[in-house]
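Residues per chain are reported as follows:
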Amino acid sequence: MTRLIRSTRLALALAGFTVSSAMAATDDMQGMDHSQMPGMDHSQMQSMDHSQMQSMDDGQMQPAAPTQSRTPIPALTDADRAAVYASPAGHAVHDTALNHYFLADKLEWQDADDGNALAWDLSGWIGGDIDRLWLRSEGERVNGKTEDAEVQALWGHAISPWWDVVTGVRQDFKPGDPQTWAAFGVQGMALYNFEAEATAFIGEGGQTAARLEGDYDILLTNRLILQPTAELNVYGKNDPQRGIGSGLSNTEAGLRLRYEIRREFAPYIGVTWNRTYGKTADYAKDEGEDRSEARLVVGVRLWF
């Protein structure tokens with residue numbers, strides 16, 4: 001019994017000591033001077049005016065507007081425009097000015113089987129935006145003798161920004177005796193800058209003919225240009241005097257590579273393939289000519 005009483009007193013004494021220690025620690029913290037804690041200036045925090053934070057204008061938090069450039073771009077003047085454009089006023093659409101254009105698309109030497117040949121394909125016009133007089137000429141001379149030559153004079157009328165209808169006359173000088181044709185057709189630029197001509201002819205003695213031509217410029221570089229060309233001729237009936245047969249008469253395909261030293265002046269080199277068909281091939285065989293022929297060509301392309 002005595003031992004139990006002693007144990008109870010000891011437990012009560014220990015509990016009292018723990019409570020008194022906790023109370024003492026609390027009193028110390030309440031009496032601590034927090035202003036003396038290193039790195040913290042609590043006096044500034046106590047004197048802070050928190051009302052200013054609550055009344056802060058949200059618009060003041062937006063980013064500042066960009067400042068004006070130190071070197072502002074000056075406004076364009078008439079003198080500036082005149083220095084850039086040849087005509088500051090621009091080109092008057094459908095005006096009455098008389099303009100002109102000439103193109104020597106093919107002016108070349110050819111290595112033919114029966115000798116050296118000179119060939120040409122020229123065109124040009126004079127007129128306005130809607131109506132123009134077109135002139136065309138193409139032909140070939142072999143060993144100093146004219147084998148083929150023709151001239152066309154056509155009146156062209158624009159039916160769209162890219163297409164004209166043409167009508168006029170065609171005069172053949174060779175082969176055979178001279179012959180005159182009435183001509184009508186269309187010409188212009190198809191998709192992807194493909195230049196095309198389709199012309200029908202009605203000649204003397206009821207002869208009829210049609211011609212399709214096309215070419216396309218492939219820009220390998222800004223000045224190096226590859227130009228494929230094609231021409232197809234069809235006739236309505238046989239003409240033995242001129243060596244022409246009915247139906248598909250002949251085709252010519254070419255591939256020319258030119259270098260534009262200037263846009264108006266471009267030497268070139270290339271190849272052409274000529275082929276005759278049907279009765280025309282028979283007439284050529286009777287004259288000792290080949291049915292088909294490939295030629296090396298060297299020439300120059302001009303325009304102004």
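What counts and how
- Position labels on residues start from 1 in each chain and follow its written sequence.
- Per-residue local features are limited, in this predicted model, to residues with pLDDT of at least 70; the limit for side-chain atom pairs, both in listing and counting, is 80 or more; totals at the level of whole chains, interfaces and linings are taken over all residues.
- To get the side-chain values, all heavy atoms of the structure are used, and hydrogens and water are removed first.
- Categorising residues by exposure relies on relative accessible area from a 1.4 Å probe, with only protein chains included: less than 20% of the type maximum marks a residue as buried, more than 50% marks it as exposed, and the intermediate range marks it as partly exposed.
- Helix and strand assignments come from DSSP, with helices taken as H or I runs of at least 4 residues and strands as E runs of at least 2, each series counted from the N terminus.
- Picture the helix axis, draw a direction to every C-beta atom, and the arc is the one those directions span.
- Whether two residues are in contact is decided by their heavy atoms: any pair within 4.5 Å suffices.
- When DSSP locates at least two bridges between a pair of strands, those strands are taken to pair.
- Basic side-chain nitrogens of Lys or Arg form a salt bridge, by our definition, when they fall within 4 Å of a carboxyl oxygen of Asp or Glu.
- Planes of paired rings set the category: under 30 degrees apart is stacked, over 60 is edge-to-face and the rest tilted, where pairs are Phe, Tyr or Trp rings (Trp by its six-membered ring) whose centres lie within 6.5 Å.
- We call a charge positioned over a ring when the NZ of a Lys or the CZ of an Arg lies within 6 Å of the ring centre and within 35 degrees of the ring normal.
- Identification of polar contacts relies on pairs of N or O atoms within 3.5 Å, with a donor-acceptor requirement for protein atoms, meaning one able to donate a hydrogen and the other able to accept it, and with residues adjacent in sequence counted only if both atoms are side-chain atoms.

The protein appears in an unreviewed UniProt entry as Copper resistance protein B from Pseudomonas lini.

1. Re helix H5 (residues 278–286)
Every buried residue of H5 is listed here: Thr280, Ala281, Tyr283 and Ala284. Along H5, the residues classed as buried sweep out an arc of 160 degrees about the axis, all on the same side. Away from the buried face of H5 by more than 90 degrees, exposed residues Lys285 and Asp286 are located. Considering only its buried residues, H5 is in contact with strand E11 (247–259) and strand E12 (265–276). Looking one or two places after H5, you find Gly288, whose phi comes out positive at around 80 degrees.

2. Here we look at the pairing of strand E10 (residues 224–235)
Taking every second residue as pointing to the same face, the buried face of E10 carries Ile225, Gln227, Thr229, Glu231, Asn233 and Tyr235, while none of Leu224, Leu226, Pro228, Ala230, Leu232 and Val234 on the other face is buried. Bridging between strand E8 (residues 208–216) and E10 involves seven bridges; their strand directions are antiparallel. Bridging from a neighbouring strand, Ala210 pairs with Val234 of E10. Across two bridges, the pairing between strand E9 (residues 218–219) and E10 is antiparallel. Residue pairing across strands places Leu219 opposite Ile225, the latter belonging to E10. In this structure, the hairpin formed by E9 and E10 is closed by a connection of four residues.

3. Observations concerning unusual backbone geometry
Cis peptide bonds are those with omega within 30 degrees of zero, and the linkage from Lys174 to Pro175 qualifies with 0 degrees. Mapped onto the secondary structure, Pro175 falls in the loop between strand E5 (163–174) and strand E6 (179–190). The backbone of Asn143 sits at a positive phi, close to 55 degrees, despite the residue not being glycine. A relative accessible area of 52% means that Asn143 is categorised as exposed. Its identity is not glycine, yet Tyr192 carries a phi of approximately 60 degrees, on the positive side. Here Tyr192 shows up in the loop between E6 and strand E7 (194–203). Since its relative accessible area comes to 70%, Tyr192 is described here as exposed.

4. Some words on the pattern of salt bridges
Enumeration over the complete set of coordinates arrives at 17 salt bridges. A salt bridge links Lys106 to Glu252, with the shortest nitrogen-to-oxygen separation between them at 4.0 Å. In this pair, Lys106 sits in strand E1 (residues 99–112) while Glu252 sits in strand E11, placing the two residues 146 residues apart along the sequence. By relative accessible area, Glu252 is classed as partly exposed at 23%. Two residues, Arg136 and Glu197, come together in a salt bridge whose shortest N-O distance is 3.5 Å. A residue pair is termed long-range when its members are at least 10 positions apart, and Arg136 in strand E3 (residues 131–142) and Glu197 in strand E7 qualify at 61 residues. Ionic contacts of the salt-bridge type, sharing partners, join the residues Glu138, Glu150, Arg170, Asp172, Arg211 and Glu231 into one network.

5. As for the packing of aromatic side chains
The final tally for this structure, using the stated rule, is five aromatic pairs. Consider the rings of Tyr101 and Trp303, whose centres lie 6.0 Å apart with planes at 40 degrees: the pair is tilted. Taken as a pair, Tyr101 in strand E1 and Trp303 in strand E13 (residues 292–303) lie far apart in primary sequence, 202 residues in all. Assessed through its relative accessible area of 28%, Tyr101 is described here as partly exposed. On the basis of relative accessibility, which here comes to 27%, the residue Trp303 falls in the partly exposed class. Looking at Arg132, its charged tip hangs above the ring of Trp125, at a distance of 3.7 Å from the centre.

6. Some points on the pairing of E12
One ladder, built from nine bridges, connects E11 with E12; its direction is antiparallel. Bridge assignment links Thr251 to a residue of E12, and that residue is Arg275. Hairpin connection, E11 to E12: the antiparallel pair is bridged by five residues. Here eleven bridges tie E12 to E13, and the two strands are oriented antiparallel to one another.

7. Some points on the side chain of Thr280
Within the secondary structure layout, Thr280 lies in helix H5. Here the side chain of Thr280 touches Ser249 through a polar contact of 3.0 Å, side chain to side chain. Once residues lying within four places of it in the same chain are set aside, the contact partners of Thr280 are Gly243, Ile244, Gly245 and Ser249.

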